[in-house]
Amino acid sequence: MKNQYFKRVCYNLRQDPVVTIVSILGTALSIFLIMIVVLMQEIQILPFSPESNRNRILHGDCISYTNANNHDDHQDLSCGMLSEATAKKLYTSLKTPEAVSIFQYPPDQTLISVYGVAPFSADLKQTDDSFWRIFDFNFLSGKAYNKSDFNSAQKKAVISEQIARRLFGSINVVGRKITINHSPYHICGVVREVSNLAESAYSQIWIPYSTTDITDDTWGAPELSGSFSTAILAYKKKDFPKIKAEFNTRSAAFNAKLKAENLRIIDQENPRTQFEKSISPYSNGKPERNKFYRQEAFILFILLLIPAINLSSMTQSRLHRYMTEIGIRRAFGCHRSQILKDIIIENLILSTIAGFVGLLLCLLFAYFGSDFIFTKNWIEDMGRPTVSISVLLNPILFLLAFLFCFVLNLMSSIIPAWQASHTQIINAINGKIH
Amino acid sequence: MSMISLSGIHKTYRTKEVETQALENVNLEIEKGEFLSVMGPSGCGKSTLLNIMGLIDTPTSGKLSINDYVIEEMKDKELATFRNKMLGFIFQSFHLIQSLNVIDNVEMPLTYRSLSASERHRLAKEALEKVGMSHRLHHRPNELSGGQCQRVAIARAIVGNPEIILADEPTGNLDSKMGNEVMNILHRLNKEEGRTVVMVTHNEEQAKKTSRTVRFFDGRQIE
Ligand SMILES: Nc1ncnc2c1ncn2[C@@H]1O[C@H](COP(=O)(O)OP(=O)(O)O)[C@@H](O)[C@H]1O
Ligand SMILES: [Mg+2]
């Protein structure tokens, strides 16, 4: 019984190659487009090295504050990244997480040089030592600076493979000297290139922030804002509510002190999950989930509707050829719901094949054309949005692609299938729909 | 009670321009085990009558009952089961499914019953043996002659062991030799297996050999 579907799909393919191939291509291109849209969102959420722990990371980045007596959360006096002091009070003091890291965000472009090579600019991120515990960098040689290095302000630097090759023509450069912003550092590790899609982890050079005076760089009444973001690693995802609750007590205590300055920090549902961060990047408002879902649903709906309308006329023309068979089957005892089911399953086989082609196109395009799709013009860094294969092979993407195929198939075949199964049998045998 | 009973059957086809009265007040009783032939000039409504009896077309008005079941009271699923179990249709132009081979075509009606694949296969082979086609199981319809196609179509019509066989000009597309073979099969099914057969034909010779002939003219039964 089941292989009858495949038999008929193959038969159809041979009978009507043009219509079948055009509708497969149409579906494939639609799935391609839809999956590009989906991937642009998913790439911000799916885990990949060095942000493999995205599922259990919370982000505490911006802080907005306003007058204590102003109750409108939309009117802030100022908003910005955190100062070290604020980050410590609000986040590093949390007890529930496995680790909390304070790091500079966004990275700075800094002049680097070694003896004998013309100085050039590279992205520099200043971090603490927990940074290396939360993000899983791939060390090609050496290792990261540790807690005691950080505490004693050791001038150690981790550099990316590309920088190592440019400076020394090799990656075995642990112990070599490098001048960063006119100050001498020792290279302690070389890591594989990081995609700037890994926003929190991305840089080309990483140094302990204890070795510079970045912490003095604060503003806002009593030194609330600065250059830092934080990443909080929970033992497990389930701990998120507990961490948020703990944060809320910290933030209430913080507000109580701020009251003396006639200030309060605005609740922005910090710290945020990777998803919440992705829908409100460094904005000074709450993550607007519903708005995001509405927008996304609308875009996907349109992207499905247009091909569905086109495909449905193709399905109809394919069914025309088929009406006699439908009539004969019904004359011998097949009932309507079976016909309906047959048509939909057959179409689903076709659209799954097409969806697979579309998904493949999307993944190839995302892999080889990542600069084209994922470049964000609001972040100016020197990295590239390379996409790792592990993201592209995530089962979520396959599931979503199949889901969209299924919906597209239903949208494009339900009306013709309904018509075909409700045609008077003798008319169907004579090749008519209706 | 008769096997098939039609009373006051009307059928009107309406297209945008014309209204065709295909059947007008047809009253007909067909007994179990009869071999009835239906004759009349082209366009007089013979096929329409057969299609209505075969539950693949609906009368505009009138009452049809088969084996005491009143057809208009039945739902799609019941009708489908009824067609599957009670009726076997044979068309002038065979109407085999081109994408299926001989054995799959004959098995088709059985796929709508809960039978095992091996049981289906056995029954289909048996039906093909009765029509002398068991040596062509894996041929496609387009690899067979017209007479062979019609024999496969007969096998498909009888595979489900239906009480009633409806044949619309079954020999219309065949030469006389093949036509005779098909007629012999139909007579055998009627005499040896006691099936009720209703056949539309243009051939007086064929009609003579049946147990009763009804004649139509312009949608009306005249004899
Ligand atoms: N689907 C249809 N639409 C309109 N008119 C039809 C249709 N089917 C049959 N007719 C008309 O009904 C009449 C009877 O047709 P039919 O039963 O096929 O005749 P027969 O089989 O005796 O040659 C004819 O005049 C034919 O043109
Ligand atoms: Mg006819």
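Residues numbered from 1 in each chain as written. Chains lettered and ligands numbered in written order. Predicted model: local features only at pLDDT ≥ 70, side-chain atom pairs only at ≥ 80, totals over all residues. Heavy atoms only, no water.

Asker: Teacher, can you tell me more about the overall build of chain A here?
Answerer: When its secondary structure is counted, chain A shows 15 helices and 14 strands. In terms of C-alpha radius of gyration, chain A reaches 29 Å, well past the compact-globule figure of 22 Å for 434 residues. When the backbone C-alpha atoms are referred to their principal axes, chain A occupies close to 90 × 60 × 35 Å. Out of the 434 residues belonging to chain A, those deemed buried represent 54%. (Helix = DSSP H or I, 4+ residues; strand = E, 2+ residues; numbered from the N terminus. Rg over C-alpha atoms; globule rule 2.2 N^0.38 Å. Buried < 20%, exposed > 50% of the residue type's maximum accessible area, 1.4 Å probe, protein only.)

Asker: How should I be thinking about the packing of helix 3 (residues 84–92) of chain A against helix 7 (residues 240–258) of chain A in this particular structure?
Answerer: All names here are of chain A. Orientation of helix 3 relative to helix 7, taken along the N-to-C sense of each, is 135°, at an axis distance of 8 Å. The orientation of helix 3 with respect to helix 7, classified from their angle, is oblique. Of the residues in helix 7, those in contact with Thr86, Lys89, Leu90 and Tyr91 of helix 3 are Phe247, Arg250, Ser251 and Phe254. Partitioned by chemical class, the residues of the contact of helix 3 with helix 7 number four nonpolar, two polar and two charged. (Axes fitted to C-alpha atoms, helices over the stretch in contact; angles between N-to-C directions. Parallel < 35°, antiparallel > 145°, perpendicular 65-115°, else oblique. Contact = heavy atoms within 4.5 Å. Nonpolar A, V, L, I, M, F, W, Y, C, P; charged D, E, K, R; others polar.)

Asker: Explain the interface of chain A and chain B to me, please; I cannot follow it from the model alone.
Answerer: Interface size is commonly expressed as the accessible area that is lost once the parts come together. Facing 22 residues of chain A, the contacting portion of chain B comprises 26 residues. In total, chain A and chain B occlude about 2200 Å² of area from one another, counting both sides; carbon and sulfur atoms represent 62% of this. Along the contact surface separating chain A from chain B lie two salt bridges. The partner of A:Arg330 in a salt bridge is B:Asp76, and the shortest N-O contact between them spans 3.2 Å. Where chain A packs against chain B, one counts six residue pairs in polar contact (both at pLDDT 80 or more). (Buried area = accessible area lost by both parts, 1.4 Å probe. Salt bridge = Lys/Arg side-chain N within 4 Å of Asp/Glu carboxyl O. Polar contact = N/O pair within 3.5 Å; in protein donor to acceptor, adjacent residues only side chain to side chain.)

Asker: What is the right way to read helix 3 of chain A from this model?
Answerer: Every α-helix carries 3.6 residues per turn, so stepping three or four residues along brings you back to the same face. All names here are of chain A. Within the span of helix 3, buried status applies to Glu84, Thr86, Ala87, Leu90 and Tyr91. An end-on view of helix 3 places all buried positions within 155° of arc, on one side of the element. Buried residues along helix 3 sit against strand 1 (57–60), strand 2 (63–67), strand 4 (99–104), strand 12 (228–233), helix 7 and strand 13 (263–265). (Arc of directions from axis to C-beta.)

Asker: Please explain the packing of aromatic side chains as it appears in this structure.
Answerer: Centre-to-centre distance and the angle between the planes together describe a pair of aromatic rings. All names here are of chain A. All told, the structure shown has 21 aromatic pairs over all chains when counted by the stated rule. What links up through ring pairs into an aromatic cluster is the set Phe103, Phe131, Trp132, Phe135, Phe137, Phe139, Tyr145 and Trp206. Stacked on the ring of phenylalanine 120, the Lys or Arg arginine 166 has its end atom at 3.7 Å from the ring centre. (Phe/Tyr/Trp six-rings, centres within 6.5 Å; stacked < 30°, edge-to-face > 60°. Lys NZ or Arg CZ within 6 Å of the ring centre and 35° of its normal.)

Asker: Is there a simple way to think about the sheet that holds strand 5 (residues 69–70) of chain B in this case?
Answerer: Strand pairing in a sheet relies on backbone hydrogen bonds. The paired strands run either parallel or antiparallel. Residue and element names in this part refer to chain B. Strand order across the open sheet formed by four strands is 2-1-4-5, with antiparallel pairing between neighbours. Lying at the two open borders of the sheet, with one neighbouring strand each, are strand 2 (19–30) and strand 5. Of the strand pairs in this sheet, strand 1 (residues 4–14) and strand 4 (residues 61–66) are connected by five bridges, and their pairing is antiparallel. Residue serine 5 lies in a different strand from strand 4, and its bridge partner there is serine 65. (Pairing = 2+ DSSP bridges.)

Asker: I keep staring at the side chain of A:Ser278 and nothing clicks. Help me out?
Answerer: Residues and elements named next belong to chain A. Structurally, serine 278 can be placed in helix 8 (residues 274–279). Within the local environment of serine 278, its side chain forms a polar contact with the side chain of glutamine 41, the two groups lying 3.1 Å apart. Ignoring anything within four residues of it in the chain, the contact list for serine 278 reads Gln41, Gln44 and Ile45.

Asker: Sorry, what's going on with the sheet that holds strand 7 (residues 164–168) of chain B here?
Answerer: Residues and elements named next belong to chain B. Pairing within the open sheet is mixed, and its six strands lie in the order 6-7-8-3-9-10. This sheet does not close on itself; its edge strands, each paired only once, are strand 6 (87–90) and strand 10 (220–221). Of the pairings in the sheet, the one linking strand 6 to strand 7 comprises four bridges and is parallel in character. Within the sheet, the bridge partner assigned to glycine 88 lies in strand 7 and is isoleucine 165. Relative to the sheet, helix 2 (residues 76–86) contacts strand 6 and strand 7, its axis offset from that of strand 6 by approximately 75°.

Asker: Is there a simple way to think about the domain arrangement of chain A in this case?
Answerer: Residues and elements named next belong to chain A. Taken domain by domain, chain A consists of domain 1 (2–48 + 290–429) and domain 2 (62–271). Placing the centre of domain 1 and that of domain 2 at their C-alpha centroids yields a distance of 44 Å. With 13 residues of domain 1 at the interface, the matching set in domain 2 holds twelve residues. Summed over both partners, the interface of domain 1 with domain 2 buries about 1000 Å², with 55% contributed by carbon and sulfur atoms. Linking domain 1 with domain 2 are zero salt bridges, by the criterion used here. (Domains from an automatic or database assignment.)

Asker: Looking at this structure, how should I read the site of ligand 1?
Answerer: The full set of residues close to ligand 1 is A:Lys432, B:Tyr13, B:Thr20, B:Ala22, B:Ser42, B:Gly43, B:Cys44, B:Gly45, B:Lys46, B:Ser47 and B:Thr48. In this structure, ligand 1 sits where chains A and B come together, each supplying nearby residues. Here an oxygen atom of ligand 1 and a backbone polar atom of B:Gly43 are 2.7 Å apart. At 2.9 Å, a backbone N or O of B:Lys46 approaches an oxygen atom of ligand 1. In the complex, 68% of the free accessible area of ligand 1, which totals 560 Å², lies under the protein chains. Of all the elements in the fold, those that place two or more residues in the shell around ligand 1 are strand 2 and helix 1 (46–53) of chain B. Of the residues in the shell around ligand 1, the class split is three nonpolar, six polar and two charged. (Near = heavy atom within 4 Å. Areas by Shrake-Rupley, 256 points an atom, 1.4 Å probe, with all protein chains shown as cover.)

Asker: Teacher, can you tell me more about unusual backbone geometry here?
Answerer: Working note: non-glycine residues mostly have negative phi, and peptide bonds are mostly trans. Residue and element names in this part refer to chain A. Omega for the peptide link from serine 49 to proline 50 comes to 5°, which places this bond in the cis form. With respect to the secondary-structure elements, proline 50 resides in the loop between helix 2 (17–42) and strand 1. Note that the residue after asparagine 270, namely proline 271, is joined by a cis bond; omega there is -15°. Inspection of the secondary structure assignment puts proline 271 in the loop between strand 13 and strand 14 (272–273). Non-glycine residue histidine 182 carries a positive phi angle of around 70°. Inspection of the secondary structure assignment puts histidine 182 in the loop between strand 9 (177–180) and strand 10 (183–191). With phi around 60°, asparagine 262 is a residue other than glycine that occupies positive phi space. For asparagine 262, the location among the structural elements is in the loop between helix 7 and strand 13. The exposure class assigned to asparagine 262 is partly exposed, which follows from its relative accessible area of 35%.

Asker: Explain the pairing of strand 2 of chain B here, please?
Answerer: If a strand is regular, its side chains alternate between the two faces of the sheet. Where strand 1 of chain B lies against strand 2 of chain B, eight bridges are found, and the strand directions are antiparallel. Its bridge partner lying in strand 2 of chain B, B:Thr12 is registered against B:Gln21.

Asker: I would appreciate a short explanation of a negative patch on the surface in the present structure.
Answerer: Together, A:Asp108, A:Asp213, A:Asp216, A:Asp217 and A:Glu223 give the surface a local cluster of negative charge. Relative to the helices and strands, A:Asp217 resides in the loop between strand 11 (205–208) and strand 12. (Patch = residues over 30% accessible without salt bridge, like charges linked within 9 Å, V, L, I, M, F, W, Y side chains within 5 Å. Lys, Arg positive; Asp, Glu negative; His and termini not counted. Charge placed at Lys NZ, Arg CZ, Asp CG, Glu CD.)

Asker: Would you mind going over the nonpolar core with me for this structure?
Answerer: Across soluble globular proteins, you tend to see nonpolar side chains buried next to one another. Judged by nonpolar contacts, the single largest core of 55 residues is most densely connected at B:Ile4, B:Leu49, B:Met53, B:Leu64, B:Ile66 and B:Val198. Ignoring any residue separated from it by four or fewer positions in sequence, one finds B:Val198 in contact with B:Ile4, B:Ile30, B:Leu36, B:Val38, B:Leu50, B:Met53, B:Ile165, B:Leu166 and B:Ala167. By size, the runner-up hydrophobic cluster in this structure holds 52 residues, among which are A:Phe103, A:Phe131, A:Phe137 and A:Ala144. (Core = buried A, V, L, I, M, F, W, Y, C linked by side-chain atoms within 4.5 Å.)

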